[in-house]
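# Notes for the structure review
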Amino acid sequence: MNTMNTAISKIKKASVTTSIATIVIFLFAIVSFLLTMISGIRMATDQNMLAMTVAEDGSRTLTTTVPALAECLKKGLELVLFAMMMLIACGLFRQISREGSPFRAKSIKHLRMIAILLLLNAVVPSIVQYLIVGFTVSWQASVFSFRLDSLFLGLIFFLLTNIFSYGCMLQRESDETV
């Protein structure tokens, strides 16, 4: 029993530390989001959205800041989704630090929400960027790509929800036999 109490104590301490770290990371994500949006707004207001330049030989070049603005919006969406993940993770770690066991139904809900946000982060920001550039500039200038890291991590988190579901079942059985 003493070994069990020591393990629970370590889990609680680690959860408190990790909870604090996720809040710090959340704050960095919010600051990064604000700076990204400010740079996008400055880009939109400081430059013409569409400009034509004429070279000495008479050739004309059409330039636009729309792709750069779409990239700012894409990064902003990624940062918002990441910040939401950090808040949910903080809630998970705070719950574990209070209860001592990660194998609770709330933990599964937190992990599932993080998995969904990771999958959204893999696709949604790129779709938004692709559509903005495609509709405003040209579909040839629009590049679409998935965030494979977020897609992979989202799938891993869904697997973890199943593992934690099994852990919850074992925890309940253990609690009932004691």
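To be clear, the structure that these remarks concern was listed above.
Residues numbered from 1 in each chain as written. Predicted model: local features only at pLDDT ≥ 70, side-chain atom pairs only at ≥ 80, totals over all residues. Heavy atoms only, no water.

### Some points on the overall build of the protein
Condition: Runs of E in the DSSP output that reach at least two residues are strands. Runs of H or I that reach at least four are helices, and both are numbered from the N terminus. For each residue, the accessible area found with a 1.4 Å probe, counting protein chains only, is set against the maximum for its type, and the residue is called buried under 20%, exposed over 50%, and partly exposed in between. Residue contacts follow a heavy-atom distance rule, with two residues in contact if any of their heavy atoms lie within 4.5 Å. Computed by Shrake-Rupley with a 1.4 Å probe, the accessible areas treat only the displayed protein chains as cover when residues are assessed.
Scanning the protein for helices and strands turns up four helices and two strands. Residue burial in the protein is summarised as follows: out of 178 residues, 30% are buried. Considering only intrachain contacts with a sequence separation of at least 6, the fraction spanning at least 24 residues in the protein is 73%. Surface exposure of the protein reaches about 11,300 Å², of which carbon and sulfur atoms provide 69%.

### What to know about helix α3 (residues 105-136)
Along an α-helix, residues three or four positions apart point the same way, because every turn accommodates 3.6 residues. Using the following cut-off: Each helix should span, by expectation, one fewer than its residue count multiplied by 1.5 Å. Axes are fitted to the seven residues ending at a residue and to the seven starting at it; the angle between these axes is taken as the bend at that residue.
Taking 1.5 Å per residue as the helical rise, α3 with its 32 residues ought to reach 46 Å, and the 46 Å between its terminal C-alpha atoms agrees with that figure. The principal kink in α3, of about 35 degrees, is found at N121, preceding the proline P125 by one to four residues.

### Focus: a positive patch on the surface
Quick note on the threshold: Patch membership requires over 30% relative accessible area and the absence of a salt bridge. Like charges are linked within 9 Å, and nonpolar side chains (Val, Leu, Ile, Met, Phe, Trp, Tyr) within 5 Å. Salt bridges are defined by distance alone: a side-chain nitrogen of Lys or Arg within 4 Å of a carboxyl oxygen of Asp or Glu. His is not counted here, nor are the chain ends, while Lys and Arg score as positive and Asp and Glu score as negative. Lysine's charge is taken at NZ, arginine's at CZ, aspartate's at CG and glutamate's at CD.
Together, R94, R98, K106 and K109 make up a region of like positive charge exposed at the surface. When contributions to the positive patch are tallied by element, the ones reaching two or more residues are α2 (66-99) and α3. On the secondary structure map, R98 appears in helix α2.

### Observations concerning the packing of α2 against α3
The test is simple: Each axis is a line fitted through C-alpha atoms, and for a helix only the stretch in contact is used; angles between axes span 0 to 180 degrees, taken between their N-to-C directions. Angle categories: roughly parallel below 35 degrees, roughly antiparallel above 145, roughly perpendicular from 65 to 115, and oblique for all the rest. Just so you know the grouping, Ala, Val, Leu, Ile, Met, Phe, Trp, Tyr, Cys and Pro go in nonpolar, Asp, Glu, Lys and Arg go in charged, and all remaining residues, Gly too, go in polar.
The contact between α2 and α3 brings their axes to 9 Å, and the two run at 175 degrees. Relative to α3, the element α2 lies roughly antiparallel. When the residues that make up the contact of α2 with α3 are grouped by side-chain class, the tally is 22 nonpolar, eight polar and four charged.

### Here we look at a nonpolar patch on the surface
A cluster of nonpolar residues, I127, L131, F135, F144, F146, L148, L151 and L155, forms a patch on the protein surface that exposes about 770 Å² of accessible area. When residues of the nonpolar patch are traced back to their parent elements, those giving at least two are α3 and α4 (148-177). With respect to the helices, strands and loops of the structure, L148 is situated in helix α4. Looking at L148, the relative accessible area reads 60%, which means it is exposed.

### Describing the environment of I156
Structurally, I156 can be placed in helix α4. Its relative accessible area of 30% is what places I156 among the partly exposed residues. I156 sits 38 residues away from L118 along the chain, and the two C-alpha atoms are 10.0 Å apart.

### Here's the deal with the nonpolar core
Within soluble globular proteins, side chains that are nonpolar generally end up buried alongside one another. Formally: In this description, a nonpolar core means a group of buried Ala, Val, Leu, Ile, Met, Phe, Trp, Tyr and Cys residues linked to one another through side-chain atoms lying within 4.5 Å.
Judged by nonpolar contacts, L81, M85, I88, A89, I114, L117 and L118 together constitute the single largest core of seven residues. Ranked by residues supplied to this core, first place goes to α2 with four residues. The residues contacting M85, other than those within four sequence positions of it, are I114, L117, L118 and N121. Of all hydrophobic cores here, the second largest spans six residues; its members include L92, I108, F164 and C168.

### What about the pattern of salt bridges?
One pass over the structure, following the stated rule, counts six salt bridges. Across the pair E99 and R104 runs a salt bridge, and its minimum N-O distance is 3.2 Å. Given a relative accessible area of 37%, E99 falls into the partly exposed group. Because the salt bridges share partners, they merge into one network encompassing E71, K75, E78, R147 and D149.

### Some thoughts on α2
In a regular helix each residue adds 1.5 Å, so 34 residues correspond to 50 Å; α2 covers 49 Å between its end C-alpha atoms and thus fits that length. Positive phi appears at G100, one or two residues downstream of α2, with a value of about 85 degrees.

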